[in-house]
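Listed here are the chains, written in short residue letters.
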Amino acid sequence: MESSDIDPGTLAYQQLRTPPSIASTHFDLSRIPTSERAQILQDFILVPGYLSPEEQEMLLAAAAKKLKRALGKQVRYEDGHFDGVITRYRECSATDWAGAAPSASEVLDDRDKGTTASETLLSTIPQSPQGTNRTSPSEVMQSIKQEFFPPCWKWVAPHILELEAGRGGIKPHVDHLDASGEVVAGLCLGSDAVMELIHEGDPEKQFRVLLPKGCFYFQRDTVRYHYKHGIPIELEDHQFKGKVIPKDRRISIMLRVSVIMLTTVVSVQNGSTCSEVAKKELNTPATPYPS
Ligand code: OGA
Ligand code: MN
């Protein structure tokens with residue numbers, strides 16, 4: 001199929017890369033074979049400074065309020081988590097932040113107009129939205145979905161994760177295959193963090209990414225499915241290129257594409273347009289997200 005038959009939003013998504021200038025400052029790929037580095041930068045997209053300072057403040061306050069309402073002062077310990085992956089954390093879901101996703105019929109109505117994923121996205125990544133302060137969490141979620149991803153995609157409700165200063169961390173894991181599809185995305189607030197990624201079948205293959213507060217990132221495809229990811233628990237392991245990165249209280253807002261997308265993604269990658277996908281979805285009942 002000709003690339004001109006693919007929705008502009010889908011094409012822009014496929015062409016996203018982390019640019020070399022950001023790779024050189026925020027990625028440590030020294031333990032990845034040279035021939036595989038380009039694939040990593042294609043499947044782990046990092047946008048430092050995606051959120052303005054005002055947006056970070058707004059999201060931090062909103063996330064803290066949600067956590068407090070859901071959990072009070074409760075902090076969970078290692079053995080409190082169902083699979084023991086996260087230490088010293090609090091988490092909750094933010095269903096009402098999902099933003100109004102376009103319905104399948106809206107996507108069908110829009111099929112001749114192209115998408116809001118702008119032409120400037122082609123071969124590059126969106127810059128931080130200077131002067132476009134978004135004033136609610138839903139607005140931020142909505143703009144992420146529109147700027148980076150095909151418009152027909154369905155998303156799980158955002159998830160808020162707080163890691164305690166000093167001691168919070170995440171052991172290397174692959175996100176549950178039945179809980180999300182090919183994209184796992186995050187907004188980082190409150191503290192810089194080091195993410196370590198380790199190849200599942202070949203643990204010698206590892207890389208690290210410095211996730212600065214205010215960044216947006218996502219992992220997809222080979223990185224999402226073949227690399228475990230985590231945030232080192234011990235401060236002395238929380239290093240990037242030999243430098244210990246301080247651990248303040250950190251809140252991430254995780255956005256995951258719905259599993260129902262698995263079939264959709266395959267058809268989008270095969271060149272179906274979003275409107276074709278939407279037509280199929282009109283006849284497909286939604287499956288609930290396992291809680
Ligand atoms: C997770 C996870 C990463 C982050 O919640 O599964 O990997 O940036 N989070 O908080
Ligand atoms: Mn994860």
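A. Highlighting the side chain of Glu-91. Its place among the elements puts Glu-91 in strand 4 (residues 89–93). Since its relative accessible area comes to 15%, Glu-91 is described here as buried. Among the polar contacts made by the side chain of Glu-91, one reaches the side chain of His-159 at a distance of 2.8 Å.

B. Quick peek at the packing of aromatic side chains. What the rule picks out here adds up to 17 aromatic pairs. Both rings, one in Phe-44 and one in Phe-207, keep their centres 6.3 Å apart while their planes meet at 90 degrees; by these two values the pair is edge-to-face. Of the two residues, Phe-44 sits in strand 2 (residues 44–47) while Phe-207 sits in strand 9 (residues 206–211), which places them 163 residues apart along the sequence. Phe-44 gets classed as buried once you look at its relative accessible area, which sits at 0%. Phe-207 sits in the buried class, given a relative accessible area of 1%. Between Phe-216 and Phe-218, the aromatic rings sit 6.1 Å apart at their centres with planes inclined by 50 degrees, giving tilted as the arrangement. Joined through ring pairs, the aromatic side chains of Tyr-13, Tyr-50, Phe-148, Phe-149, Trp-153, Trp-155, Phe-216 and Phe-218 make up one cluster.

C. Here's a closer look at the coordination of the manganese ion (ligand 2). Protein coordination at the manganese ion (ligand 2) comes from His-173 (NE2), Asp-175 (OD) and His-229 (NE2), with a distance range of 2.0 to 2.1 Å. Counting the intervening residues between successive donors of the manganese ion (ligand 2) yields the motif H-x1-D-x53-H. You can see His-173 sitting in strand 6 (residues 169–173) and its partner His-229 sitting in strand 11 (residues 227–231), a full 56 residues away along the chain. Exposure remark for His-229: the relative accessible area of 6% places this residue in the buried category.

Conventions adopted
Residues numbered from 1 in each chain as written. Chains lettered and ligands numbered in written order. Predicted model: local features only at pLDDT ≥ 70, side-chain atom pairs only at ≥ 80, totals over all residues. Heavy atoms only, no water. Helix = DSSP H or I, 4+ residues; strand = E, 2+ residues; numbered from the N terminus. Buried < 20%, exposed > 50% of the residue type's maximum accessible area, 1.4 Å probe, protein only. Polar contact = N/O pair within 3.5 Å; in protein donor to acceptor, adjacent residues only side chain to side chain. Phe/Tyr/Trp six-rings, centres within 6.5 Å; stacked < 30°, edge-to-face > 60°. Donors = N, O, S within 2.8 Å, 3.2 Å for Na, K, Ca; no water.

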